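The chain contents come next:
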Amino acid sequence: QVHLVESGGGLVQTGGSLRLSCAASERTFSSYFMGWFRRAPGKEREFVGGFTWSGPYYGDSVKGRFTVSRDNAKNTVFLQMNSLKPEDTAVYYCAARNRRLGSEYDYWGQGTQVTVYS
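Here we summarise the structure given alongside this text. (Residues numbered from 1 in each chain as written. Predicted model: local features only at pLDDT ≥ 70, side-chain atom pairs only at ≥ 80, totals over all residues. Heavy atoms only, no water.)

This part takes up the packing of aromatic side chains. Working definition: an aromatic ring pair is given by the centre-to-centre distance plus the angle between the planes. Under the defined criterion, the tally for this structure stands at 6 aromatic pairs. Ring centres of Phe-37 and Phe-47 lie 5.3 Å apart, and the angle between their planes is 75°; on these two criteria the pair is classed as edge-to-face. Separated by 10 residues along the polypeptide, Phe-37 in strand β4 (residues 32-39) and Phe-47 in strand β5 (residues 46-52) bring together distant segments of the chain. Plain terms: the ring middles of Phe-37 and Tyr-105 are 5.0 Å apart, the flat faces sit at 80° to each other, and that makes the pair edge-to-face. Here Phe-37 is found in strand β4, whereas its partner Tyr-105 is found in the loop between β9 (90-98) and β10 (107-108), with 68 residues between them in sequence. Here Phe-37 and Tyr-105 have matching classes, each one buried. Among the aromatic residues, ring-to-ring pairing joins Phe-37, Phe-47, Tyr-57, Tyr-105 and Trp-108 into one connected group. Its guanidinium or amino end placed over the ring of Phe-37, Arg-45 lies 5.0 Å from that ring's centre, counting from NZ or CZ. (Phe/Tyr/Trp six-rings, centres within 6.5 Å; stacked < 30°, edge-to-face > 60°. Helix = DSSP H or I, 4+ residues; strand = E, 2+ residues; numbered from the N terminus. Buried < 20%, exposed > 50% of the residue type's maximum accessible area, 1.4 Å probe, protein only. Lys NZ or Arg CZ within 6 Å of the ring centre and 35° of its normal.)

Side chains carrying opposite charge are able to pair once their charged atoms draw close together. Taken as a whole and assessed by the stated rule, the structure comprises 4 salt bridges. The partner of Glu-46 in a salt bridge is Arg-38, and the shortest N-O contact between them spans 2.8 Å. Residue class for Glu-46 comes out partly exposed when judged on its relative accessible area of 25%. Residue classification places Arg-38 among the buried residues on the basis of a relative accessible area of 6%. Between Arg-38 and Asp-88 there is a salt bridge, with the nearest N and O atoms lying 2.9 Å from each other. (Salt bridge = Lys/Arg side-chain N within 4 Å of Asp/Glu carboxyl O.)

For the rest of this paragraph, the subject is the pairing of β9. Burial of β9 is extensive: 7 of the 9 residues sit out of reach of the surface. In this structure, β4 lies alongside β9, joined through 8 bridges in antiparallel fashion. Its bridge partner lying in β9, Phe-37 is registered against Tyr-93. Relative to strand β11 (residues 112-117), β9 runs antiparallel, the two being bridged by 3 bridges. Residue Val-91 lies in a different strand from β11, and its bridge partner there is Gln-113. Here β9 pairs with β10 via 2 bridges, running antiparallel. The residue of β10 that forms the bridge with Ala-96 is Tyr-107. (Pairing = 2+ DSSP bridges.)

So, about the state of the cysteines. Note on terminology: a disulfide is the covalent bond linking the sulfur atoms of two cysteines. According to the stated counting rule, one finds 1 disulfide in the structure shown. Covalent S-S linkage joins Cys-22 and Cys-94, the inter-sulfur distance amounting to 2.0 Å. Note on the Cys-22 and Cys-94 pair: the S-S dihedral is about -80°, so by sign convention the disulfide is left-handed. In this pair, Cys-22 is assigned in strand β3 (residues 18-23) and Cys-94 in strand β9, connecting sequence segments 72 residues apart. Each member of the pair, Cys-22 as well as Cys-94, carries the same accessibility label: buried. (Disulfide = S-S within 2.5 Å.)

Below, the structure written as structure tokens:
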């Protein structure tokens, strides 16, 4: 069983900041790489940020503004979002994949809504 729970979404003004959290089981956290995706209305799913053996990496649209991090003691990953723009409005999903090279994200949380207003 892989169970992921996102939290921290909400309404924020353009230029503001928000931090999302994703809690996982100890087994999941130690055996999988975690990542963040988002889906805006009428758009395809987009990769936001995640982890590899080489370290964190990000989608082009959020580089320099968003940061992924983790708290190993709490089995939790975070997405710190700064300088938010209206186009960042989306449902944000936490996802997990095994740590084998080239693996796909197979497990997903239910998502948390982020809305950025002008």
